[in-house]
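If you want the building blocks of each chain, they are given just below.
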Amino acid sequence: MAAYNITIFLGLLFLFFTFSASLKVAETHYHEFVVQETPVKRLCRTHNIITVNGQFPGPTLEARDGDTLVIKVVNIGRYNVSLHWHGIRQMRTPWADGPEYVTQCPIKPGASYTYRFTIEDQEGTLWWHAHSRWLRATVYGALIIYPKLGSSYPFPQPNHEFPILLGEWWDRDPINVLRQATFTGAAPNLSDAYTINAQPGDLYRCSSKETVRLPVDSGEKVLLRVINSALNQQLFFSVANHKLTVVGADAIYTKPFTTTVLVLGPGQTTDVILAADQPPARYYMAARAYDSTQNVPFDNTTTTAILEYKSAYNTKKGRSSTPVFPRLPAFNDTPTVTAFTNKFRSLFTGKVPTEIDESLFFTIGFGFFNCVPGPRCQGPNGTRFSASMNNVSFVLPRRNSIQQAAYQGIPGVFTADFPAFPPVQFDYTGNVSRALWQPVRGTKAYSLKYGSSVQVVFQDTSIFTIENHPMHLHGYHFYIIASGFGNFNPARDTAKFNLVDPPMRNTFGVPTGGWAVIRFVADNPGAWLMHCHIDAHLSLGLAMVFLVENGVGELESIEPPPADLPPC
């Protein structure tokens, strides 16, 4: 009888701990983000920059798949602000997505707003950043999603994990850089430095003492979570003498492949395993620009951090030795970018849409607005720079957000007539007639039925110059089923579609002078911004909005707006 009672007791104890563990599978994490001015010294000069909680980069958010994040943002800075949780799907919660005047009005100085969202079926590296003008130059941080308790990575557990946030630094207020460009109509001033975890590194003035260092022991494996949080620049990244095994991108696992160089457009993330298998020494991690344009100025400097083997650093000779420098590609090495991009394949592939309900074709690129010569017309040949999709240069509303107007049925904020195709067909990557250089301004959305299967062909244009555009879709990730150079030709290029294991991303670089094809299912209702993640291009109008209608019932419909949604 005693043995029976012990068995019953142990059984109940097992059930209790099993139930207790199940309660801990999903947690709610509470944070307070105070947006404030903070004095920061870089390149020998101190600037009052906008930060979160006085940190630069901002705080790293950590959660598990299935967890909920509740983040109260208090704005005590001098600018309006909103925050975007880049890559989070925001299922039914567009109010928490963040782009100002698209899903919310900005948080004014002295006000606050609480973002609430749940992570659903996502693991890996994402990030968060300001989505108001150019504030994300300094307002950004990592957002790391671990597997659920009881689950593990689909690769051997690393010894350490280390976030690498690539950035850009201006030796002046980035908002003033934007204001000047907006006033003159010319291109904005270039950045003065690139950064790794907000530090420029050894190759810049007054910077070597704060260079980021990553100590390792021989034989260890390190998971580097690399994020391109730069405002306007695609970047190469490499670690001297070390190979990198890519295992994930944009919080989606990939089939592993090995490389010596990464390429990341602004907004993209890449998870790599670095094996500390080289002779103990000091090795530079370095990043510099990939410039895909033709004869356009760019910041040609290089940022560095140091991978430091502890056994080498513990000797006087090791501490004083100059780190080994990596071989980085040439600034305009598009073949390396193409080869790297073509290696991505999804590790776990869902059902790629094959029956398409909405087949869309979007041209993307630059343009010019004609104007009366003067101080506000300092673009090429006395014009103002612009950018557009399907010849529409996107203009943000000001008196309400698109999401609020759609939800409440408020007229006059936007129109739902974004064109499915360019108004005029032409040789997109050839010698474009000047008659096609000027777009039209508009605040336009394209409506999608809930559950519809969507295909979008993105076509770069050669107006002014061809360029690799990192296109980001809020509220979704999508399959990239093909890409190439020149003008997309369905008769020829459809045969290239990968419908078996295409990579999934939330941000993808449309090749310079080329095209890319994506597919997704419109299963998340709301107003979702699609835009180039080079902020200089976004501010010129390279954006549009997908307006996904509600489906049937509560689980296919937008949640009501929160009570503290900021007013306009």
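The model shown is predicted, which means the values in this text are computed figures rather than measured ones.

Looking at this structure, how should I read the state of the cysteines?
In protein structure, a disulfide is the covalent linkage between the sulfur atoms of two cysteines. In the structure shown here, the tally under the stated rule is three disulfides. Between cysteine 105 and cysteine 568 runs a disulfide, and the two sulfur atoms are separated by 1.6 Å. Around the S-S axis, the bridge from cysteine 105 to cysteine 568 shows a dihedral of about -40° and counts as left-handed. Pair noted here: cysteine 105 is in the loop between β5 (83-86) and β6 (112-118) and cysteine 568 is in the segment after β32 (543-548), with a separation of 463 residues, a long-range link. Look at cysteine 105 and you get buried, because its relative accessible area is 0%. Sequence-ordered numbering of the bonded cysteines in the chain yields a pairing of 1-3, 2-6, 4-5.

Would you explain the side chain of glutamine 404 in this entry?
The topology assignment puts glutamine 404 in helix α6 (residues 402-408). Beyond its immediate sequence surroundings of up to four residues, glutamine 404 is in contact with Trp95, Gln104, Cys105, Ile410, Leu565 and Pro566.

Would you mind showing me how to read the environment of lysine 255 here?
Structurally, lysine 255 is set in strand β15 (residues 252-259). For the pair formed by lysine 255 and lysine 148, sequence separation is 107 residues and the distance between their alpha carbons is 21 Å. With residues near it in sequence (within four places) discarded, lysine 255 still touches Val246, Arg345, Ser346, Leu347 and Asp501.

Can you walk me through the confidence of the model for the chain in this structure?
As a note on interpretation, predicted positions should not be read in detail where pLDDT is low. This prediction gives the chain a mean pLDDT of 95; 95% of its residues lie at or above 70. pLDDT under 50 marks residues 7-23. Its contacts with residues more than four places away, or in other chains, come to zero contacts.

Looking at this structure, I do not really get the packing of aromatic side chains. What am I missing?
One pair of aromatic rings is described through two measures. These are the centre distance and the angle between the planes. Following the criterion strictly, the structure yields 34 aromatic pairs and no others. Note on tryptophan 95 and tyrosine 407: the rings are 5.3 Å apart at their centroids and 85° apart in plane angle, and the pair reads as edge-to-face. A residue pair is termed long-range when its members are at least 10 positions apart, and tryptophan 95 in the loop between β5 and β6 and tyrosine 407 in helix α6 qualify at 312 residues. Residue tyrosine 407 is classed as partly exposed on the basis of its relative accessible area of 38%. The interplanar angle of 85° and the centroid separation of 6.0 Å between the aromatic rings of phenylalanine 366 and phenylalanine 464 together place this pair among those described as edge-to-face. Residue phenylalanine 366 is found in strand β20 (residues 358-370), and its partner phenylalanine 464 is found in the loop between β25 (453-460) and β26 (469-473); the two are separated by 98 residues along the sequence. One aromatic cluster is present, formed by Phe362, Phe418, Tyr446, Phe458, Tyr476, Phe520, Trp528 and Phe546 through successive ring pairs. Positioned over the ring face of phenylalanine 331 is arginine 288, at 4.5 Å from the centre of the ring. Here arginine 441 stacks its cationic end above the ring of phenylalanine 369, 3.7 Å away from the centre of that ring.

Before we go on, may I ask you to explain the environment of glutamate 27 in this structure?
Tracing the backbone through its elements, the reader meets glutamate 27 in the loop between α1 (2-23) and β1 (28-42). When the C-alpha positions of glutamate 27 and threonine 68 are compared, they lie 6.3 Å apart, and in sequence the two are 41 residues distant. Setting aside residues up to four positions removed in sequence, glutamate 27 forms contacts with Asp67 and Thr68.

Teacher, can you tell me more about the nonpolar core here?
Grouped burial of nonpolar side chains is what soluble globular proteins tend to show. Grouped together as the largest cluster of nonpolar side chains are 71 residues, with contacts concentrated most on Trp85, Met389, Phe458, Phe520 and Phe546. Ignoring sequence-local partners within four residues, the contact set of tryptophan 85 consists of Phe33, Leu61, Ile71, Gln90, Ala96, Asp97, Tyr115, Phe117, Trp127, Trp128 and Leu143. By size, the runner-up hydrophobic cluster in this structure holds 63 residues, among which are Leu235, Phe236, Leu307 and Phe344.

Is there a simple way to think about unusual backbone geometry in this case?
Phenylalanine 56 connects to proline 57 through a cis peptide bond whose omega is 0°. On the secondary structure map, proline 57 appears in the loop between β2 (45-52) and β3 (61-64). With a phi angle near 50°, leucine 43 is a residue other than glycine that sits in the positive phi range. Looking at the element boundaries, leucine 43 is found in the loop between β1 and β2. Look at leucine 43 and you get buried, because its relative accessible area is 1%.

Thresholds applied
- Residues numbered from 1 in each chain as written.
- Predicted model: local features only at pLDDT ≥ 70, side-chain atom pairs only at ≥ 80, totals over all residues.
- Heavy atoms only, no water.
- Disulfide = S-S within 2.5 Å.
- Helix = DSSP H or I, 4+ residues; strand = E, 2+ residues; numbered from the N terminus.
- Buried < 20%, exposed > 50% of the residue type's maximum accessible area, 1.4 Å probe, protein only.
- Contact = heavy atoms within 4.5 Å.
- pLDDT = per-residue confidence, 0-100.
- Phe/Tyr/Trp six-rings, centres within 6.5 Å; stacked < 30°, edge-to-face > 60°.
- Lys NZ or Arg CZ within 6 Å of the ring centre and 35° of its normal.
- Core = buried A, V, L, I, M, F, W, Y, C linked by side-chain atoms within 4.5 Å.

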